[in-house]
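Spelled out, the chains give:
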Amino acid sequence: MSPRLLFLFAFLILSSISASAQKAICGFDGINQRLKQNAEYLSGITLTESKIRQKVAEIAANRQAMRNMNVLAGALYEIPVVVHVIYKTGDGIPGSSSNPTDAQIQAAIDRLNANFAAAANSGNIGASIPIRFALAKRRPDCGSTSGIERINGGSISGYDANGVSAPGSGASGANETAVKNLSTWSEKSYYNIWVVWKISSNVTGSGFVAGYASLPYIGDDYHIFPAEGMVILGQQMSPGAPTLTHEMGHAFGLYHTFEGGNEVSCPVNGSCSEDGDKVCDTDPVKNLLSIPCPAATDINPCTNTPYGTAQNNIMGYGACLNRFTQGQSDRMMATLLTARGGLINSLATVPPPPTPVKAAIQIPPNIRNINNTNNIGPCTITLGNMSYASYGYNQDGYNYYSDNSCNIGTNLFVASNQYLSVTTQTNTQVCKAWIDANNDGQFSNDELVLNSTATSPNYTHTTVIPVDLLYGAAKNTLLRMRVMADVAFNNDFTAGSQLFYGQTEDFWVNIDQALPVVFERIDARIRNQLLEVEWNTSTETNNDHFIIEASADGTNFLPLARVASKARNGSSDHSLQYHISVEGNGQLALAFGLIALLLSVQPGHNRRKWLFVVSAVLLCLFITCNKHEITDTEAGDQPRFIRIAQVDKNGVKQYSKTVRIVAE
């Protein structure tokens, strides 16, 4: 064969392979449209969407208020992932398409993180999302894990022959719920990914379903299909495929950029925040399976303007997907904070503690009314640094007892008041909480720290944990905390009682003798076009540094500057004074002189979830004549609140009170 014919032959082969690869499609649209026919699912999606849209507006407003300031790279939320590899009979040794190796799985997650960090391409293309995914290191029972589970799926009828049947497709294959039930970990502490060898569906043409993931939503059928998590083909768990990133976009609230359209029709885009993909800085496009990668100068028929980079969006189809937009980043963060808050608190990416929480002697039996839909039970729990989101009994998958004591909890300090707040959602409910202070595995009457009845409109139960209990409790030991809620007429239940309608959840708490830092005074004021923050500490123990954070609304904070502790080796028993000035353009004038601030922070082994991922140096410069002012004439369009995050040498973070900025 001549070289020319050989080249042509190779070209045709590669072209056919490329064309086939371009037909990989996402199963999200068909499944989501079918689910929307369920009134309860649609109600849940609508409720979640309203919360996401509200949070998106808050995030955007906060960014606008800080637009003249150099904001430090903020906290990176680390999400624990568990990968359940469901392989075919005979493929037990990793290395096949049904059983990818550990290295292949890690490489795929590395690609996912690179996409979210906008680091997958030269020039940091696209917007970054401060979310990182990591394989779990501890199991729900506090044992060690690699974060990868391998299970033979051959026990499920039809799996070896046809893989998983795409839900609602009617195609041959194993039942999806049965496959997931082979291995599922709590969605509150882990994001579940099921790797399968085939997804059977009735896709027309040469396409195949490469994966699908569920939108997060709040509804009575929280575990209606699809259950929390992602299903993906083993061959797509590769650093060369965008499927994992694309499906994770769905998992964090993103729709396709062609949502509501197809290969021939454009999406409706009347209101950019409510129609189409519900993101305002993504141009609507058609499904680009047939035109896999238009040139930037080609005309997008949905806008009659050049594509620019619309064809590169990861939530589209095509062969050149490599970026998210800022609007998509905001929406994913809003989804995390409103609908996936439990993942923020999970310690599952940290190795298990040497001595875990003692097993509970009192385990409540299943509730009496197991089919009730009254949504009785604790929904949000705030204590120390823990802000835990739950859903009540039926919206939490009819789960009467959740043992979160391995992965979710908080540190408490004897030297300050410790406030516990629990919200319930419906009906008048009684809420009680106990801390096993003497660590004997059971809860006594003198360990009761909350006993509250709350009604509408707030349904909020609050208490100050008794100081005597904190002083007398075992110190520097993981203790079990239990929170229970039930209907008001059942107000005499104990920690081991059977509830009528409600729910029980357990957590860990660790009690230390003293706060790492005791703040005496915090002042924040705008003076001479500078934001000046002053604070005193009376004592510091094992302290490393402070992070100054600002907010326009008192809820959503952005970090402005990092200040090292003045205490020798991080500890001091006398008053120390701090002062920092931040200009409108983010320049810093520190009271102790002009220095470079190293922003990168090494994570501590026992940190909760907050990591800083910047490796940059911010130079503190003299004030220049062209500086921007912090103040703005538009109401609400300026930073109004300050708080200080104190970070100890182990990476554990504690917050000061929030103070209002005084304008002079």
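Residues numbered from 1 in each chain as written. Predicted model: local features only at pLDDT ≥ 70, side-chain atom pairs only at ≥ 80, totals over all residues. Heavy atoms only, no water.

**Some thoughts on the overall build of the protein chain**
Each helix and strand in the protein chain was counted, giving 10 helices and 34 strands. The buried share of the protein chain, taken over its 664 residues, is 53%. Considering only intrachain contacts with a sequence separation of at least 6, the fraction spanning at least 24 residues in the protein chain is 71%. Total accessible area computed for the protein chain in this model is approximately 27100 Å², and 52% of it derives from carbon and sulfur atoms. (Helix = DSSP H or I, 4+ residues; strand = E, 2+ residues; numbered from the N terminus. Buried < 20%, exposed > 50% of the residue type's maximum accessible area, 1.4 Å probe, protein only. Contact = heavy atoms within 4.5 Å. Areas by Shrake-Rupley, 256 points an atom, 1.4 Å probe, with all protein chains shown as cover.)

**Brief notes about the nonpolar core**
Counting residues in hydrophobic clusters, the biggest one holds 39 residues, and the most contacted among them are F133, I193 and M248. In this view, F133 contacts I79, V81, I109, L112, N113, F116, M248 and F252; residues no more than four positions away in its chain are not counted. Among the nonpolar cores identified, the runner-up in size contains 28 residues, and F28, I31, V164 and A166 belong to it. (Core = buried A, V, L, I, M, F, W, Y, C linked by side-chain atoms within 4.5 Å.)

**Looking at the state of the cysteines**
The full count for this structure, using the stated rule, is 4 disulfides. Linked covalently through their sulfurs, C293 and C320 form a disulfide whose S-S length is 2.1 Å. Here the disulfide of C293 and C320 is right-handed, its torsion about the S-S bond being about 115°. With C293 in the loop between α7 (243–251) and β10 (299–300) and C320 in the loop between β11 (305–306) and α8 (326–339), this pair connects stretches of sequence that are 27 residues apart. With cysteine numbering restricted to those in disulfides and following the sequence, the protein chain has the pairing 1-8, 2-6, 3-4, 5-7. For the unlinked cysteine C379, the closest cysteine sulfur is that of C431, found at 9.9 Å. (Disulfide = S-S within 2.5 Å.)

**Here's the deal with helix α3 (residues 39–65)**
Between the first and last C-alpha of α3 there are 39 Å, a value that for 27 residues agrees with the 39 Å anticipated at 1.5 Å per step. Every buried residue of α3 is accounted for by Y41, G44, I45, T48, E49, I52, K55, I59, N62 and A65. Looking at the buried positions of α3, the neighbouring elements they touch are α2 (28–35), α8, β24 (543–551) and β25 (557–564). (Expected span 1.5 Å × (residues − 1).)

**Brief notes about the environment of Q104**
Inspection of the secondary structure assignment puts Q104 in helix α4 (residues 102–116). Sequence spacing of Q104 and P94 is 10 residues, and the spatial spacing of their C-alpha atoms is 9.9 Å.

**Some words on the packing of aromatic side chains**
Counting across every chain of the model gives 14 aromatic pairs. Here F116 and F133 contribute two aromatic rings whose centre-to-centre distance is 5.2 Å and whose plane-to-plane angle is 90°, an arrangement assigned as edge-to-face. Of this pair, F116 sits in helix α4 while F133 sits in strand β3 (residues 131–135), placing them 17 residues apart in sequence. By the ring-pair criterion, three or more aromatic residues cluster together here, those being F116, F133, F252 and F324. Across from the ring centre of F252, 5.5 Å away, lies the NZ or CZ of R340, which sits over that ring. Above the ring of Y655, the side-chain terminus of R643 is found at 4.0 Å from the ring centroid. (Phe/Tyr/Trp six-rings, centres within 6.5 Å; stacked < 30°, edge-to-face > 60°. Lys NZ or Arg CZ within 6 Å of the ring centre and 35° of its normal.)

**What to know about the sheet that holds strand β19 (residues 460–464)**
In any sheet, the strands associate via hydrogen bonds between backbone groups, in a parallel or an antiparallel arrangement. Pairing in this open sheet of 4 strands is antiparallel, and the strands run β13-β12-β16-β19 from one edge to the other. Each of the sheet's edge strands pairs with one partner strand only, and the pair in question is β13 (386–389) and β19. The mean angle between the axes of side-by-side strands here comes to 10°, regardless of whether they run parallel or antiparallel. Taken together, the 4 bridges between strand β12 (residues 380–383) and strand β16 (residues 419–423) define a ladder with antiparallel strand orientation. Across the sheet, the residue bridging to I381 is V422, located in β16. (Pairing = 2+ DSSP bridges. Axes fitted to C-alpha atoms, helices over the stretch in contact; angles between N-to-C directions.)

**A short note on the pattern of salt bridges**
Evaluated as defined, the whole model comprises 20 salt bridges. The shortest N-O distance in the salt bridge between E534 and R521 comes to 3.6 Å. Here R521 lies in strand β22 (residues 517–527) and E534 lies in strand β23 (residues 530–540), a separation of 13 residues in the sequence. (Salt bridge = Lys/Arg side-chain N within 4 Å of Asp/Glu carboxyl O.)

**Considering the pairing of β23**
For β23, the tally of buried residues reaches 9 of 11 residues, placing the bulk of the element in the interior. Inspection of the sheet shows β22 paired to β23 by 10 bridges, in the antiparallel sense. What sits directly across from V517, in β23, is E540. The turn linking β22 back onto β23 is made up of 2 residues, and N528 within it adopts a positive phi angle of 55°. Relative to strand β26 (residues 576–583), β23 is paired through 8 bridges, and the arrangement is antiparallel. Within β26, the residue paired with E532 across the bridge is S581.

**Notes on the packing of α4 against α7**
Contact geometry of α4 with α7 gives a least axis separation of 8 Å together with a crossing angle of 60°. Regarding the angle of α4 to α7, the classification is oblique. α4 and α7 meet at a crossing whose hand is right-handed. Contacts between α4 and α7 involve A108, I109, R111, L112, N115 and F116 from the former and L244, T245 and M248 from the latter. By residue class, the composition of the contact of α4 with α7 is 6 nonpolar, 2 polar and 1 charged. (Parallel < 35°, antiparallel > 145°, perpendicular 65-115°, else oblique. Left-handed = near helix turned anticlockwise from the far one by under 90°. Nonpolar A, V, L, I, M, F, W, Y, C, P; charged D, E, K, R; others polar.)

**Examining the environment of F489**
Within the secondary structure, F489 is located in the loop between β20 (478–487) and β21 (503–512). On the basis of relative accessibility, which here comes to 56%, the residue F489 falls in the exposed class. Spatially, the C-alpha atoms of F489 and T428 are 9.1 Å apart, while their sequence positions differ by 61 residues. Leaving out residues up to four positions away in the same chain, F489 has contacts with F500 and Y501.

**Some remarks on the environment of D573**
In this fold, D573 is placed in the loop between β25 and β26. Each C-alpha atom, one on D573 and one on S538, is 6.8 Å from the other, the two residues being 35 residues apart in sequence. Among all residues touching D573, those that are not within four sequence positions of it are S538 and T539.

**Observations concerning the confidence of the model for the protein chain**
Model confidence for the protein chain is summarised by a mean pLDDT of 84, while 86% of its residues fall at 70 or above. Between residues 1–22, whose pLDDT stays under 50, and residues either more than four places distant or in other chains, the model counts 5 contacts. (pLDDT = per-residue confidence, 0-100.)

**Here we look at the pairing of β25**
Regular strands have side chains that alternate between both faces of the sheet. Of all the 8 residues making up β25, 6 are buried; the element is thus mostly covered by neighbouring parts of the structure. The pairing of β24 with β25 spans 7 bridges and is antiparallel. The residue of β25 that forms the bridge with S551 is F557. Hairpin remark: β24 followed by β25, antiparallel, with 5 residues in the connecting loop; positive phi at G554, about 80°.

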